[in-house]
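Take a look at the letters that make up each chain.
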Amino acid sequence: MKFLRLFLLIFPITTLAQNGLFEDHKKFTRQDSLRGSITPEREWWNVTHYNLSLEVFPETKTLKGKNTISFEVLKNAKKMQLDLQEPMRITKIVHHNNLIDQSLSFKREGNVYWVLFPNTLIKTTHHNISVFFEGKPTESINPPWSGGITWKKDRKGTDFIASSNQGIGASIWWPNKDHSYDEPDNGALITVTTPEHLTNVSNGRLINTTHLKKEKKKIYQWEVKNPINNYGVNINIGDYVRFSETYKGENGLLDCDYWVLRENLEKAKKQFKQASMTLEAFEYWFGPYPFYEDSYKLVEAPYLGMEHQSSVTYGNDYINGYKGTDLSGTGVGLKFDFIIVHESGHEWFANSITNKDVADMWIHESFTAYSESLFVDYHFSTKEAEDYIIGTRKAILNDKPIIGKYHVNQEGSSDMYYKGANMLHTLRQIINNDTLWRKILRGLNKEFYHQQVSTKQIENYISTHAKLDLNGFFNQYLRDVKIPVFKYKVKKNKLCYKFTNAVSNFAIPVKVWINNKPIWLNTTTKTNSFKFNEIIKSIQTDRNFYITSQKQ
């Protein structure tokens, strides 16, 4: 998660956006296109496994290592695109071909390396290359909002190091195919060498630890069996201690490991009781935890936190809320630890279901922001869940569409968090059947399990299973910045109403309270009328719909 900041309502920007005057004039460069598109030099090969091995040097803030990439050839080709951002550099690339190691030529263009094979690689064949790299990776100045490596010290002066690179990309510190459409089919092996007094925690399961006494170093080897998105791969290095529990989940026993700084062990044992509560709630709403083979971990980090697959990082000071703040302003947000709940929710939406293009990042963030209220709904009450999600509307800017620009590595508006969450909450009201709504949420996780998806795939799945035409609904909330206005006028017992400030095909049923009685009205951008059985004295749209109302 590239976290939602604590926004104040910026009225001038919001007003411009709602009047259609706010446009994104960013000029995209060739580097943006190389990073954000499926280039011909990426398209021809499919990653099957990463074997990442590196050593971390805290004193110089440098890394050195190699990544052995296993891949399948999808079409005949000989030129490959690899990604590694400056100032990191590739020093050598070796092709392991029929027991013969052959050095490959390569050329750098900004953050891209063009790799040339001497002979054309043939479709359906499988290959391995080892990419040697080194350098001083970009340091994150304000993690996790600015990507890079965080080099800090704990309160005892011991090194406390972590990676966080959503948005900017995993290639900020290790070489890979840095695009979300392709994940290693057979997972990854992550081997990290640190000074002997430090511990490294990465994704998956710890399968081996080697102590090099003479060199005063330790080697930690972690194995990920499932596909993993690039930005989810992480290193966490510090004076860690570990405690564990076993969660009895829908798919059996799930190992839950908690790695925290030694000084915070007792606080963590108390606060992390919410981890199993979170798993319970999300397995109910979304289906089985997606990575039983790789376990579930919470790992303390020197920043707020992020959704690294099976290695969720945590830095919320062992208190409830968002660093002790309730994002909804209702008090409900102080009933749970925001980072545990939100980042764990990403295991379903981001890590299992992943966007093909970062322009569709709303798939990650809208569903996960919405999961916060589902957690409240499951463990507390539906009323409090509604209070919470409605309260988060104050963070919505309506500055630009939730969907970003395709093929240039650009996310949409930060409204992908709570505008997206309120869109989904509104959709729950429209469907008006929680059994079906839960079935749809679980169905998404079954249908797109461990897959990379587009917005259209998500839209079509929900529309099909809800048996509703939601084209205008999604266009309104994902591709526009206007908030629909339920405009009405009353004459005795007759109500005339329609939507304004909406896209042309926006049409949804709306629940209104007439004289404190609930009535459902099928509403479009054309005027409709309804006759009530008594004089209309009061009318109010249901608060759970993300719309506004205006009496004529």
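Residues numbered from 1 in each chain as written. Predicted model: local features only at pLDDT ≥ 70, side-chain atom pairs only at ≥ 80, totals over all residues. Heavy atoms only, no water.

**Digging into the overall build of the protein**
When helices and strands are tallied, the protein shows twelve helices and 29 strands. For a compact globule of 552 residues, the expected C-alpha radius of gyration is about 24 Å, and the protein comes in at 25 Å, within 12% of that figure. For the protein, the C-alpha atoms occupy an extent of roughly 90 × 55 × 45 Å along the three principal directions. In the protein, 70% of the contacts between residues at least 6 apart in sequence involve partners at least 24 apart. Surface exposure of the protein reaches about 22,500 Å², of which carbon and sulfur atoms provide 50%. Side chains of the protein give 70 positive and 59 negative charges; the mean places of these two sets differ by 5 Å. (Helix = DSSP H or I, 4+ residues; strand = E, 2+ residues; numbered from the N terminus. Rg over C-alpha atoms; globule rule 2.2 N^0.38 Å. Contact = heavy atoms within 4.5 Å. Areas by Shrake-Rupley, 256 points an atom, 1.4 Å probe, with all protein chains shown as cover. Lys, Arg positive; Asp, Glu negative; His and termini not counted. Charge placed at Lys NZ, Arg CZ, Asp CG, Glu CD.)

**Observations regarding the pattern of salt bridges**
Scanning all chains against the criterion turns up 26 salt bridges. Its salt-bridge partner being Glu386, residue Arg543 comes within 3.4 Å of it at the nearest N-O pair. Of this pair, Arg543 sits in the loop between β28 (539-541) and β29 (548-551) while Glu386 sits in helix α8 (residues 382-391), placing them 157 residues apart in sequence. A salt bridge links Glu534 to Lys517; its shortest N-O distance comes to 3.1 Å. Here the residue Glu534 occupies a position in the loop between β27 (528-531) and β28, and Lys517 occupies one in strand β26 (residues 517-523), the gap between them amounting to 17 residues. Classification of Glu534 as partly exposed rests on a relative accessible area of 31%. For Lys517, a relative accessible area of 38% translates into the label partly exposed. One network of salt bridges, with partners in common, ties together Lys383, Glu386, Asp387 and Arg543. (Salt bridge = Lys/Arg side-chain N within 4 Å of Asp/Glu carboxyl O. Buried < 20%, exposed > 50% of the residue type's maximum accessible area, 1.4 Å probe, protein only.)

**Description of the sheet that holds strand β4 (residues 89-97)**
Spatially, the eight strands line up as an open sheet ordered β5-β4-β8-β2-β1-β11-β14-β13, and their pairing is mixed. Each edge of the open sheet is held by one strand with a lone partner, namely β5 (100-103) and β13 (205-212). With direction set aside, neighbouring strand axes in the sheet form an average angle of 15 degrees. (Pairing = 2+ DSSP bridges. Axes fitted to C-alpha atoms, helices over the stretch in contact; angles between N-to-C directions.)

**Quick word on helix α10 (residues 434-447)**
For α10, spanning 14 residues, the distance from its first C-alpha to its last is 19 Å, which sits close to the expected 20 Å at 1.5 Å a residue. For α10, the full list of buried residues reads Trp437, Ile440, Leu441, Gly443, Leu444 and Asn445. In this structure, the buried residues of α10 make contact with α5 (273-286), β21 (353-355), α7 (362-379), α9 (418-431) and α11 (455-466). For α10, the N-terminal cap is Asn433; the gap from its side-chain oxygen to the backbone nitrogen of Thr435 is 3.1 Å. (Expected span 1.5 Å × (residues − 1). Polar contact = N/O pair within 3.5 Å; in protein donor to acceptor, adjacent residues only side chain to side chain.)

**Remarks on helix α6 (residues 338-345)**
By the criterion of burial, α6 is predominantly enclosed, with eight of the eight residues buried. Restricting attention to buried positions, one finds in α6 the residues Phe338, Ile339, Ile340, Val341, His342, Glu343, Ser344 and Gly345. The N-cap residue of α6 is Asp337: its side-chain oxygen and the backbone nitrogen of Ile339 are 3.1 Å apart.

**Points about the packing of aromatic side chains**
Using the criterion set out here, one finds 43 aromatic pairs in the structure. Here the aromatic rings of Phe349 and Phe367 are separated by 4.4 Å at their centres, their planes lie at 5 degrees, and the arrangement is stacked. Taken together, the residues Phe349 in the loop between α6 and β21 and Phe367 in helix α7 connect sequence positions 18 residues apart. In this structure, Phe349 and Phe367 share a single accessibility class: buried. (Phe/Tyr/Trp six-rings, centres within 6.5 Å; stacked < 30°, edge-to-face > 60°.)

**Some details on the pairing of strand β9 (residues 148-153)**
Judged from the six bridges that link them, β9 and strand β10 (residues 159-164) form a sheet pairing that is antiparallel. The residue bridging Thr150 from the neighbouring strand is Ala162, located in β10. Connecting β9 to the antiparallel partner β10 that follows it, the hairpin turn spans five residues, and Gly157 within it adopts a positive phi of roughly 85 degrees.

**Re the environment of Lys335**
Relative to the helices and strands, Lys335 is located in the loop between β20 (312-314) and α6. Judged by its relative accessible area of 35%, Lys335 falls in the partly exposed class. Placed 41 residues apart in sequence, Lys335 and Val376 show a C-alpha to C-alpha distance of 8.3 Å. Among all residues touching Lys335, those that are not within four sequence positions of it are Asn320, Phe380 and Glu384. At a separation of 3.3 Å, a polar atom in the side chain of Lys335 contacts the side chain of Glu384.

**Focus on the environment of Phe28**
Following the sequence through the fold, Phe28 ends up in the loop between α1 (11-18) and α2 (30-36). Sequence spacing of Phe28 and Glu43 is 15 residues, and the spatial spacing of their C-alpha atoms is 21 Å. When sequence neighbours within four positions are dropped, the list of residues in contact with Phe28 reads Lys405, Val408 and Gln410.

**Looking at unusual backbone geometry**
A cis amide bond links Glu86 with the next residue in sequence, Pro87, at an omega value of 10 degrees. In this fold, Pro87 is placed in the loop between β3 (77-83) and β4. The residue after Pro143, namely Pro144, is reached through a cis peptide bond having omega 0 degrees. Positioned with a positive phi, Ser295 is a non-glycine residue whose angle comes to about 75 degrees. Judged by relative accessible area, Ser295 falls into the buried class, the value being 1%.

**Notes on the sheet that holds strand β18 (residues 296-300)**
The five strands are arranged β16-β17-β18-β20-β19 in an open sheet whose pairing can be described as mixed. A strand with exactly one partner marks an edge of an open sheet, and here the two such strands are β16 (240-249) and β19 (305-306). Here β19 runs beside β20; their pairing, made up of two bridges, is antiparallel. Pairing of Met306 across the sheet is with Thr313, part of β20. Across the face of the sheet, α5 comes into contact with β16, β17 (252-261) and β18 while running at roughly 35 degrees to β16.

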